[in-house]
Amino acid sequence: MQRTTKKTPDAETSAASTEALNVLSAFDFERARTALLRWFDANGRTFPWRSEPTPYRVWVSEIMLQQTTTQTVEGYFARFLERFPNAAALAEADEATVLKYWEGLGYYRRARSLRAAALQVVERFGGDVPERFEDVLSLPGVGRYCAGAILSFGFDRRAPILEANTTRLHARLLGLRLETTTSTAQKILWRAAEDWLPLDVGESRKPNVYRRLNGALIDLGRLVCSPTAPKCDACPLTAFCESWRRDLQDVVPVLKKKAETVARTDVAFWIERRDLFDDCENGGKRCGKTGCDGGNPTDVLLIRRPENALWAGLWDFPRFEIANEAFRDALDFNDDVELCDRLQRFLEEEVGAPPLDRRPGSVVYTVKHAATRFRITLRFCRLAGAEPVEKTLFDALKSAAAPQPLQDVAKKTKKGKTPETERVAAEVRWVPRAELDVYPLSSPGRKLARFVLRNGVK
Ligand code: SF4
């Protein structure tokens, strides 16, 4: 009986890599560039950062476009540029102001990095976006793709780029049957991205050639070489495409298996000052008896999200993740001992509330949203109950175990590492209702604020 030899994974990688490199070596870039640019002239997309591609505008757009669609970014770009027209204006603004202008775009770490980078641009480069690859790459929030994009789109420099659209396009053109995030595949793809750009031959080179070629590669990947059902009939590169030749469009690119999404429930609270200091009789003046700080009774409690949490640095309503499976789909959290425990500790230790037993009241509003790999159901509650703490279950819990720091309580409630549960807040603040509009809020926080201001919470 004849035995067939099965290739080892290493041999398969090596064969796929050699195959793609052979296609790359034989690729007729000169003719392909002409075909691509002709297509781009007729079909390329127009964006504000393309029609006026200054390095600063390109840089801001590229940071905004990370994880966000062009359609969404277009709505924010002009407003952001009007408020922060250059790196100096961005560097001068405080973080809260920058976050406010970023609110709704999500992934707020980008906004903080952008501002930190603007400070460096001012301090290290006199306010101008640097033109050397290493300098651009050294800025916070700028990776290899982003540096290439800033140099090619902003300065028309010969700098390759590789993002989702061009990764797919190059992989298909080469018939690359390797998972695209592996280091072997990445080397091949970056080489292809670079080979598409003709050498810079000084004065004889055509203006905007790098800007146009990189824009065309992105647009062709986005508009024609789509993830499913690529429109090969409308593609200017069929004659150069290995996947088209061998009918591999459905198997290339080879993608990494996606991480599974995790469902979780958070409970957030709309808490007014009078909910905690309700026996204050001085109508806004410090009474000294109840921990009242003399503020307005209708002020609302906000927290600033801690580092490493979702929406880090943004303001939000106090929120807690439900750890007990039994309460995942609940509309009443009064019997969730862990939640009541965390809420009570937060109110006493971080807000300075009197030691009364406060519990979750009924759910007034629910928001469902996805963030990174989480699918979050967020239940908003008022507070209920104000019994002396001695009579409560919380008191029984307290006497049964030595007091622990809040962080330890949080760690007990989680199964894996869930950084955002480690601290409830980086800062707590009472905010007049009328000022909620100007606070940079998390997106679910903004929805709750609008809902309550429109409908009330009683
Ligand atoms: S021919 Fe088809 S698979 Fe190949 S690059 Fe064009 S659209 Fe993509």
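This write-up is about the structure you can find in this document. (Residues numbered from 1 in each chain as written. Predicted model: local features only at pLDDT ≥ 70, side-chain atom pairs only at ≥ 80, totals over all residues.)

### With respect to the overall build of the chain
Part 1: Per the secondary structure count, the chain includes 19 helices and seven strands.
Part 2: The buried share of the chain, reckoned over its 458 residues, is 35%.
Part 3: Restricting to contacts in the chain with at least 6 residues of sequence separation, those with at least 24 account for 68%. (Helix = DSSP H or I, 4+ residues; strand = E, 2+ residues; numbered from the N terminus. Buried ≥ 20, exposed ≤ 12 C-beta atoms within 10 Å, placed from the backbone. Contact = placed C-beta atoms within 7 Å.)

### What to know about unusual backbone geometry
Across residues other than glycine, the phi torsion is negative in most instances, and most of the peptide bonds are trans.
Part 1: Here the residue pair valine 252 and proline 253 is connected by a cis peptide bond, since its omega of 5° sits within 30 degrees of zero.
Part 2: By the secondary structure assignment, proline 253 is in the loop between α14 (242-246) and β1 (262-269).
Part 3: Despite not being glycine, asparagine 208 shows a phi value in the positive range, around 65°.
Part 4: Relative to the elements of secondary structure, asparagine 208 occurs in the loop between α12 (183-195) and α13 (209-223).
Part 5: Residue classification places asparagine 208 among the partly exposed residues on the basis of 13 C-beta atoms within 10 Å.

### Digging into the site of the ligand
Part 1: What surrounds the ligand is a group of 15 residues, the closest being Cys225, Cys232, Cys235, Cys241 and Trp244.
Part 2: Every element with two or more residues in the shell around the ligand is listed here: α11 (164-174) and α14.
Part 3: For the shell around the ligand, the class distribution of residues is ten nonpolar, three polar and two charged. (Near = placed C-beta within 6 Å. Nonpolar A, V, L, I, M, F, W, Y, C, P; charged D, E, K, R; others polar.)

### Looking at the nonpolar core
Part 1: By size, the foremost hydrophobic cluster in this structure holds 105 residues, and its most contacted members are Ile150, Leu174 and Leu176.
Part 2: At seven residues, helix α10 (residues 144-155) tops the list of elements feeding residues into this core.
Part 3: Shared between two domains, this core takes at least three residues from each, and those domains are domain 1 (13-246) and domain 2 (263-455).
Part 4: Not counting chain neighbours up to four residues away, the residues in contact with isoleucine 150 comprise Pro55, Val58, Trp59, Glu62, Val129 and Val136. (Core = buried A, V, L, I, M, F, W, Y, C linked by C-beta atoms within 7 Å. Domains from an automatic or database assignment.)

### Section: the sheet that holds strand β3 (residues 315-316)
Part 1: Reading across the sheet, the three strands line up as β3-β2-β7 and stay open at both edges, with antiparallel pairing between neighbours. Either end of the sheet is taken by a strand with one partner, and the two such strands are β3 and β7 (427-431).
Part 2: As paired elements, strand β2 (residues 300-304) and β7 share five bridges and run antiparallel to each other. Bridge pairing links valine 300 to valine 431 in β7. (Pairing = 2+ DSSP bridges.)

### With respect to α11
Owing to its 3.6 residues per turn, the α-helix brings residues three or four apart onto one side.
Part 1: Taken across its eleven residues, α11 has ten buried, putting it largely inside the fold.
Part 2: Looking at α11, one finds that the buried residues are Asn165, Thr166, Thr167, Arg168, Leu169, His170, Ala171, Arg172, Leu173 and Leu174.
Part 3: Where α11 is buried, its residues touch α1 (9-26), α12, α13 and α14.
Part 4: At the exit of α11 stands glycine 175, carrying a positive phi of roughly 65°.

### Notes on the environment of aspartate 335
Part 1: Of note, aspartate 335 is situated in the loop between β4 (319-321) and α16 (337-350).
Part 2: Sequence spacing of aspartate 335 and arginine 359 is 24 residues, and the spatial spacing of their C-alpha atoms is 9.1 Å.

### Thoughts on α12
Part 1: Given a rise of 1.5 Å per residue, 13 residues ought to cover 18 Å, and the 18 Å separating the end C-alpha atoms of α12 matches this to within 8%.
Part 2: Every buried residue of α12 is listed here: Ala185, Ile188, Leu189, Ala192 and Ala193. Down the axis of α12, the buried side of the element spans an arc of 140°, and every buried residue falls inside it. The exposed set on the far side of α12, more than 90 degrees from its buried face, consists of Ser183 and Lys187.
Part 3: On its buried side, α12 packs onto α1 and α11. (Expected span 1.5 Å × (residues − 1). Arc of directions from axis to C-beta.)

### Considerations on the packing of α11 against α12
Part 1: Interaxial distance between α11 and α12 falls to 10 Å at its minimum, and their mutual angle equals 95°. Overall, the two elements α11 and α12 adopt an arrangement that is roughly perpendicular. Two secondary-structure elements touch here, α11 through Thr166, Thr167, His170, Ala171 and Leu174 and α12 through Ile188, Leu189, Ala192 and Ala193.
Part 2: Across the contact of α11 with α12, the residue classes tally to six nonpolar, three polar and no charged. (Axes fitted to C-alpha atoms, helices over the stretch in contact; angles between N-to-C directions. Parallel < 35°, antiparallel > 145°, perpendicular 65-115°, else oblique.)

So, to be careful, I would describe these as geometric facts and stop short of saying anything about function.
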